[in-house]
Amino acid sequence: YHQNLAYKNYKVLKEKATHLYLSNEEINQLEELDLSHKPYLQNARDFFFLGLYTGMRFSNYEKINPGSVQGNFLVTIDEKEGHELRIPILPKARILLDKLFSGELYPISNQKLNNYIKKVAQEAGWDEPIEVVRQRGATTIREDFPKWSLFQTHDGRRAFITKCLRDGIPA
């Protein structure tokens with residue numbers, strides 16, 4: 001134990017993250033995008049959509065198996081919070097679950113999925129600039145990045161929540 005209280009003078013600065021919110025049109029655009037020429041991107045897009053149609057975090061949907069399906073519900077333990085999740089299976093999620101359990105859709109790591117879905121968004125032509133604001137010490141740095149380069153797995157969960165709220169489903 002010590003008497004050093006210098007830590008009380010430190011300030012922890014938190015950066016605000018730049019989040020993407022997908023419109024229904026963008027979701028439809030990704031669904032309809034022909035990726036047959038690049039099967040690995042088609043797989044990544046479908047695996048991403050499993051998160052979008054269930055609202056699950058990657059850490060949860062990467063671990064689902066046939067035993068997770070109980071009637072019309074997906075039942076699993078939340079990796080982050082530790083409580084049980086009972087998620088109604090939407091028709092589009094059912095199609096992807098069937099593909100997953102039959103071996104047509106194969107899981108990939110979160111890192112690979114993030115890399116591949118950026119390529120999917122690039123194939124979709126998501127080139128519009130998105131401003132990202134960062135703090136470096138006392139300096140504010142503003143940079144523009146193409147939308148596709150900011151796309152990641154968690155955007156599926158965020159899109160699910162946004163879509164549900166837009167459709168009138170209470171939080």
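Before any of the text, the structure's been laid out above.
Residues numbered from 1 in each chain as written. Predicted model: local features only at pLDDT ≥ 70, side-chain atom pairs only at ≥ 80, totals over all residues. Heavy atoms only, no water.

Undergrad: Can you tell me about the pairing of strand 2 (residues 73–77), naming the residues and giving the values?
TA: Relative to strand 2, strand 1 (residues 69–70) runs antiparallel, the two sharing two bridges. Residue pairing in the sheet places Gln70 in a bridge with Phe73 of strand 2. In this antiparallel pair of consecutive strands, strand 1 and strand 2, the connection spans two residues, and Gly71 shows a positive phi of 65°. Looking at chain direction, strand 2 and strand 3 (residues 84–88) are connected through five bridges and run antiparallel. Looking across to strand 3, one finds that Thr76 is bridged to Leu85. As consecutive antiparallel partners, strand 2 and strand 3 are separated by six residues, and within that stretch Gly82 has a phi angle of approximately 85°, a positive value. (Pairing = 2+ DSSP bridges. Helix = DSSP H or I, 4+ residues; strand = E, 2+ residues; numbered from the N terminus.)

Undergrad: Talk me through the layout of surface pockets; I want residue IDs and the actual numbers.
TA: Within this model, the largest pocket holds a volume of roughly 290 Å³. Along the walls of the largest pocket sit 15 residues, with Tyr53, Leu90, Phe160, Lys163 and Cys164 positioned nearest its centre. Looking at the lining of the largest pocket, the elements that each hand over two or more residues are helix 1 (24–32), helix 2 (39–54), strand 3, helix 4 (91–102) and helix 7 (154–166). A per-class count over the lining of the largest pocket returns ten nonpolar, one polar and four charged. (1 Å grid on protein atoms, 1.4 Å probe; cavity = no way out; pocket = protein on both sides within 12 Å on 5 of 7 lines; lining within 4 Å. Points joined across faces, edges and corners; volume = space filled by probe spheres on them. Nonpolar A, V, L, I, M, F, W, Y, C, P; charged D, E, K, R; others polar.)

Undergrad: Any details on the packing of helix 1 against helix 2? Residues and values, ideally.
TA: Across the interface, helix 1 lies against helix 2 with an axial gap of 10 Å and an inter-helix angle of 145°. In this structure, the crossing between helix 1 and helix 2 has a hand that is left-handed. Taken together, the residues of helix 2 that come into contact with helix 1 (itself represented by Ile27, Leu30 and Glu31) are Arg45, Phe49, Leu52 and Tyr53. Residues of the contact of helix 1 with helix 2, tallied by class, amount to five nonpolar, no polar and two charged. (Axes fitted to C-alpha atoms, helices over the stretch in contact; angles between N-to-C directions. Left-handed = near helix turned anticlockwise from the far one by under 90°. Contact = heavy atoms within 4.5 Å.)

Undergrad: Outline the nonpolar core, supporting the account with residue identities and numerical values.
TA: Grouped together as the largest cluster of nonpolar side chains are 39 residues, with contacts concentrated most on Leu113 and Phe151. If you list the elements that add at least two residues to this core, you get helix 1, helix 2, helix 3 (58–61), strand 3, helix 4 and helix 5 (110–123). Among the elements that make up this core, the one with the highest residue count is helix 2 (eight residues). (Core = buried A, V, L, I, M, F, W, Y, C linked by side-chain atoms within 4.5 Å. Buried < 20%, exposed > 50% of the residue type's maximum accessible area, 1.4 Å probe, protein only.)

Undergrad: Describe the packing of aromatic side chains, and please don't skip the residues or the numbers.
TA: Evaluated as defined, the whole model comprises eight aromatic pairs. The interplanar angle of 80° and the centroid separation of 5.7 Å between the aromatic rings of Phe48 and Phe49 together place this pair among those described as edge-to-face. Judged on exposure class, the residue Phe48 and its partner Phe49 are both buried. A connected cluster of aromatic rings, assembled from ring pairs, spans Phe48, Phe49, Tyr53, Trp126 and Phe151. Here the guanidinium or amino end of Lys147 rests over the ring plane of Trp126, the centre of that ring lying 5.3 Å away. (Phe/Tyr/Trp six-rings, centres within 6.5 Å; stacked < 30°, edge-to-face > 60°. Lys NZ or Arg CZ within 6 Å of the ring centre and 35° of its normal.)

Undergrad: Residues and numbers for the sheet that holds strand 2, please.
TA: Two pairing modes exist for strands in a sheet, parallel and antiparallel, and in both the strands are linked by backbone hydrogen bonds. Ordered by their spatial adjacency, three strands build an open sheet running 1-2-3, and the pairing between neighbours is antiparallel. Two strands close off the open sheet at either side, each with one partner strand: strand 1 and strand 3.

Undergrad: Go over the pattern of salt bridges with me, naming the residues and quoting the values.
TA: A complete count under the given rule lists twelve salt bridges for this structure. Close ionic contact of Glu31 with Lys92 constitutes a salt bridge, the shortest N to O distance being 3.0 Å. Taken together, the residues span a long stretch of sequence, with Glu31 in helix 1 and Lys92 in helix 4 at a distance of 61 residues. Glu31 gets classed as partly exposed once you look at its relative accessible area, which sits at 24%. Looking at Lys92, the relative accessible area reads 43%, which means it is partly exposed. Residue Lys99 pairs with Asp46 through a salt bridge whose shortest N-O separation is 2.6 Å. Linking Lys99 in helix 4 with Asp46 in helix 2, this pair joins segments that are 53 residues apart in sequence. (Salt bridge = Lys/Arg side-chain N within 4 Å of Asp/Glu carboxyl O.)

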